[in-house]
Amino acid sequence: QVQLVESGGGLVQPGGSLRLSCAASGSIFSINAMGWYRQAPGKQRELVATITSGGSTNYAGSLKGRFTISRDNAKNTVYLQMNSLKPEDTAVYYCNAVDYSAYRNYWGKGTLVTVSS
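Keep in mind that what you see is a predicted model, and the values were worked out from it rather than measured. (Residues numbered from 1 in each chain as written. Predicted model: local features only at pLDDT ≥ 70, side-chain atom pairs only at ≥ 80, totals over all residues. Heavy atoms only, no water.)

Enquirer: Help me get a handle on the sheet that holds strand β3 (residues 18–26), residues and values and all.
Expert: Spatially, the four strands line up as an open sheet ordered β1-β3-β8-β7, and their pairing is antiparallel. Single-partner strands in this sheet number two, and they are β1 (2–7) and β7 (67–72). On average, adjacent strands in this sheet sit at an angle of 20° to one another, irrespective of strand direction. As defined by bridge partners, β7 adjoins strand β8 (residues 77–82) across six bridges and the pair is classed as antiparallel. The residue of β8 that forms the bridge with Thr-68 is Gln-81. (Pairing = 2+ DSSP bridges. Helix = DSSP H or I, 4+ residues; strand = E, 2+ residues; numbered from the N terminus. Axes fitted to C-alpha atoms, helices over the stretch in contact; angles between N-to-C directions.)

Enquirer: Quick one: what's the story with unusual backbone geometry, residue by residue and with numbers?
Expert: Even without a glycine there, the phi angle at Asn-76 is positive, about 50°. You can see Asn-76 is positioned in the loop between β7 and β8. In this model, Tyr-103 sits at a positive phi of 55°, which is unusual for a non-glycine residue. Mapping Tyr-103 onto the fold places it in the loop between β9 (91–99) and β10 (104–107).

Enquirer: Tell me what's going on with the nonpolar core, and back it up with residues and numbers.
Expert: The biggest cluster of nonpolar side chains holds 30 residues, and the ones touching the most others in it are Leu-4, Met-34, Trp-36, Leu-80, Met-82 and Tyr-93. Breaking this core down by element, the ones donating at least two residues are β1, β3, β4 (33–39), β5 (46–52), β7, β8, β9 and β11 (111–115). Among all residues touching Met-34, those that are not within four sequence positions of it are Leu-4, Cys-22, Ala-24, Ala-49, Thr-50, Ile-51, Ile-69, Val-78, Cys-95, Asn-96 and Ala-97. (Core = buried A, V, L, I, M, F, W, Y, C linked by side-chain atoms within 4.5 Å. Buried < 20%, exposed > 50% of the residue type's maximum accessible area, 1.4 Å probe, protein only. Contact = heavy atoms within 4.5 Å.)

Enquirer: Lay out the environment of Ser-62 in plain terms, naming residues and giving numbers.
Expert: For Ser-62, the location among the structural elements is in the loop between β6 (57–59) and β7. On the basis of relative accessibility, which here comes to 62%, the residue Ser-62 falls in the exposed class.

Enquirer: An account of the pairing of β8 is needed here, citing residue identities and associated values.
Expert: Burial runs high along β8: five of the six residues are buried. Both β3 and β8 contribute to a ladder of six bridges, which runs antiparallel. Pairing of Ser-21 across the sheet is with Tyr-79, part of β8.

Enquirer: Can you tell me about the packing of aromatic side chains, naming the residues and giving the values?
Expert: Within this structure, the stated rule accounts for one aromatic pair. The interplanar angle of 65° and the centroid separation of 5.1 Å between the aromatic rings of Tyr-37 and Trp-107 together place this pair among those described as edge-to-face. Of this pair, Tyr-37 sits in strand β4 while Trp-107 sits in strand β10; the two residues are 70 residues apart in sequence, bridging distant segments of the chain. With relative accessibility at 21%, the residue Tyr-37 sits in the partly exposed group. When the ring centre of Tyr-79 is taken as reference, the NZ or CZ atom of Arg-19 above it lies at 3.9 Å. Directly above the ring of Tyr-94 sits Arg-45, whose terminal nitrogen or CZ lies 3.8 Å from the centroid. (Phe/Tyr/Trp six-rings, centres within 6.5 Å; stacked < 30°, edge-to-face > 60°. Lys NZ or Arg CZ within 6 Å of the ring centre and 35° of its normal.)

And the structure:
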């Protein structure tokens, strides 16, 4: 199994920046891709960004340029750098990992990001 633990959420002012971290443990070698999703109050969960084992990235169109996903393989950690934050970015951000071979999806518990003055 794979365990994912998010951290770095909190309160930030509009225009500010925040860096989220997701530490993976367990069967690390089984992970083919990781990503970030978010769920705002009263809304469905949506894709933020993904990164494959080969380093290919994908972003939600409205977020590209403000958000950057990256990995640190030595630390088994994926990051989400969020810049120029807006109130509409307020959501619970979830880390996701995919094992294509086993057709499994893993999720972290989420970390709350609140963008407000």
